[in-house]
Amino acid sequence: MNTDVAIRLTGISKSWGAHQVIKSLDLEFGRGQLVALLGPSGCGKSTLLRLLAGLETPDSGRVEIDGKDVTAAAPSARGLSMVFQSYALFPHLNIAENICFGMQVRGVHAAERRQRLQDALALTNLQGLEQRKPAQLSGGQRQRVALARAIVAGHSICLMDEPLSNLDAKLRHSVRHEIRALQQRLGMTVVYVTHDQTEAMGMADKIVLMNAGGIVQSGTPAELYETPATAFSASFIGSPPMMLMAAEKLPPPLRAGIAPIGGDVNTLIGVRPEHFHIVAPSSTELFGTVTGVEFQGAESYIYLDLPGGDDIIVRSPEKSRLKLGDRVGLGWNPVDAHVFAADDGRRLLRLARYGHDSATPKLAAVL
Ligand SMILES: Nc1ncnc2c1ncn2[C@@H]1O[C@H](COP(=O)(O)OP(=O)(O)OP(=O)(O)O)[C@@H](O)[C@H]1O
């Protein structure tokens, strides 16, 4: 048994009627890690979490927790706690009673209950609020009660399903920081479902990006950002995401060097918004028309309409002086470009090598 693995899924499938929601999935969750299950609505994240929790049974495959086969085990026998989006607090019980409810049901001794309650209140910064009812707390405080309840359970694995989605943007940011700090301090293994890539990028040790019931890519946030395995991955990670341009619509000098990568395949060129350079129109063969400028404080987003019909966003570290309708030149360093097959989005070789290839001097020169 590999003790670094807290949860292992092997060949897990689940269908609802004819709809296969989870497609023969293999996955490992490292001990003490926060792993984000990320993906668009309906891709199967919550179903996967419920299969882990034992709230659903897989049609096939095996769920192991701490090396033990728990595929057929009841949720209560799996040694894990859960935190839901809806908090799931009892409105008629006060905060202390809500936090202690599970311990009481399990018959934990009163003195032990009091001690664990005090520890959890201190960890989640809820001291002084014990006697209040959930309705008398803010959304952020309620979510902290749900966290405290998960902590007192004393399990080393916690499953969280979109725990921050009922909070406003500012609160989401601070509670997200609290969850991460707590997870690291307690050394918990957390499986965290979210559709928000900034949350996953900011919190996770590992991101498992899902689409249509399968895993598109899994790795550290940096791996997904720097080396997206598919065009889907490229356009899901990053805010704004990577811009994808049909290679055939780009002027020939910008296409040079791509043909050997794609062969006969139509390709998409991907460039992150921060890697575009806005240059004088006379120094490049690719032009764009400014359709919008957003000032964000530390940076500006410049929206450009390209002749081929692609709309792109350029991220500029300065306050932009560009105006609507301005015509600008656009370039990028070839080492920052990614190439994907247009048909299924698979990653082809990175353009980097070709940028410095003597066979394509024009590409580097133009950019
Ligand atoms: N009990 C159920 N019966 C039938 N279909 C279901 C059931 N639960 C989920 N589904 C379907 O399975 C698919 C995946 O749902 P799931 O809730 O796992 O997605 P998700 O990625 O968590 O989405 P969201 O981010 O919107 O919560 C959806 O098409 C959903 O309609």
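Structure's up top.
Given the structure is predicted, the values throughout are model-derived calculations rather than measurements.

Before going further, it helps to spend a moment on the sheet that holds strand E18 (residues 337-341). In space, the 3 strands of this open sheet follow the order E11-E12-E18, with antiparallel pairing throughout. Two strands close off the open sheet at either side, each with one partner strand: strand E11 (243-246) and E18. Across this sheet, the average inter-strand angle for adjacent strands is 30°, counted without regard to direction.

It is worth spelling out the nonpolar core at this point. Nonpolar side chains in soluble globular proteins tend to be buried together. Core analysis: the biggest nonpolar cluster contains 84 residues, and Ala36, Leu37, Ile99, Ala148, Cys158, Val191 and Tyr192 have the highest contact counts within it. When residues of this core are assigned to their parent elements, the largest contribution, 7 residues, is made by helix H4 (residues 139-152). Residue assignment places this core across two domains, with domain 1 (5-226) and domain 2 (241-366) each supplying three or more.

Let's shift gears to the sheet that holds strand E17 (residues 327-332). Reading across the sheet, the 5 strands line up as E13-E17-E14-E15-E16 and stay open at both edges, with antiparallel pairing between neighbours. Looking at strand neighbours, the two that pair on one side only are strand E13 (276-279) and strand E16 (311-316), the edges of this open sheet. Here the strands of the sheet are splayed against their neighbours by 45° on average, with no regard to which way each runs. Taken together, the 3 bridges between strand E14 (residues 287-295) and E17 define a ladder with antiparallel strand orientation. By the bridge assignment, Phe287 is partnered in E17 with Gly329.

Lining the immediate environment of the ligand, one finds Trp16, Val21, Gly39, Ser41, Gly42, Cys43, Gly44, Lys45, Ser46, Thr47 and His195. If you tally residues by element for the shell around the ligand, the top one is helix H1 (residues 45-53), at 3 residues. Across the shell around the ligand, the residue classes break down as 3 nonpolar, 7 polar and 1 charged.

This part takes up the pairing of strand E2 (residues 19-30). Two strands pair when backbone bridges link them, and strand E1 (residues 5-16) and E2 are joined in this way by 8 bridges, in the antiparallel orientation. Each bridged residue has a counterpart across the sheet, and for Trp16 the counterpart in E2 is His19. Between the end of E1 and the start of E2, which pair antiparallel, lie 2 residues, with Gly17 showing a positive phi angle near 60°.

Before going further, it helps to spend a moment on the environment of Thr124. Within the secondary structure, Thr124 sits in the loop between helix H3 (110-123) and H4. Of the residues examined, Thr124 has 23 C-beta atoms within 10 Å and is grouped as buried. Between the C-alpha atom of Thr124 and that of Ala146, which follows or precedes it by 22 residues, the distance is 9.8 Å. Every residue in contact with Thr124, bar those within four places of it in the chain, is listed here: Arg144, Leu147 and Ala148.

Criteria and cut-off values
- Residues numbered from 1 in each chain as written.
- Predicted model: local features only at pLDDT ≥ 70, side-chain atom pairs only at ≥ 80, totals over all residues.
- Pairing = 2+ DSSP bridges.
- Helix = DSSP H or I, 4+ residues; strand = E, 2+ residues; numbered from the N terminus.
- Axes fitted to C-alpha atoms, helices over the stretch in contact; angles between N-to-C directions.
- Core = buried A, V, L, I, M, F, W, Y, C linked by C-beta atoms within 7 Å.
- Buried ≥ 20, exposed ≤ 12 C-beta atoms within 10 Å, placed from the backbone.
- Domains from an automatic or database assignment.
- Near = placed C-beta within 6 Å.
- Nonpolar A, V, L, I, M, F, W, Y, C, P; charged D, E, K, R; others polar.
- Contact = placed C-beta atoms within 7 Å.

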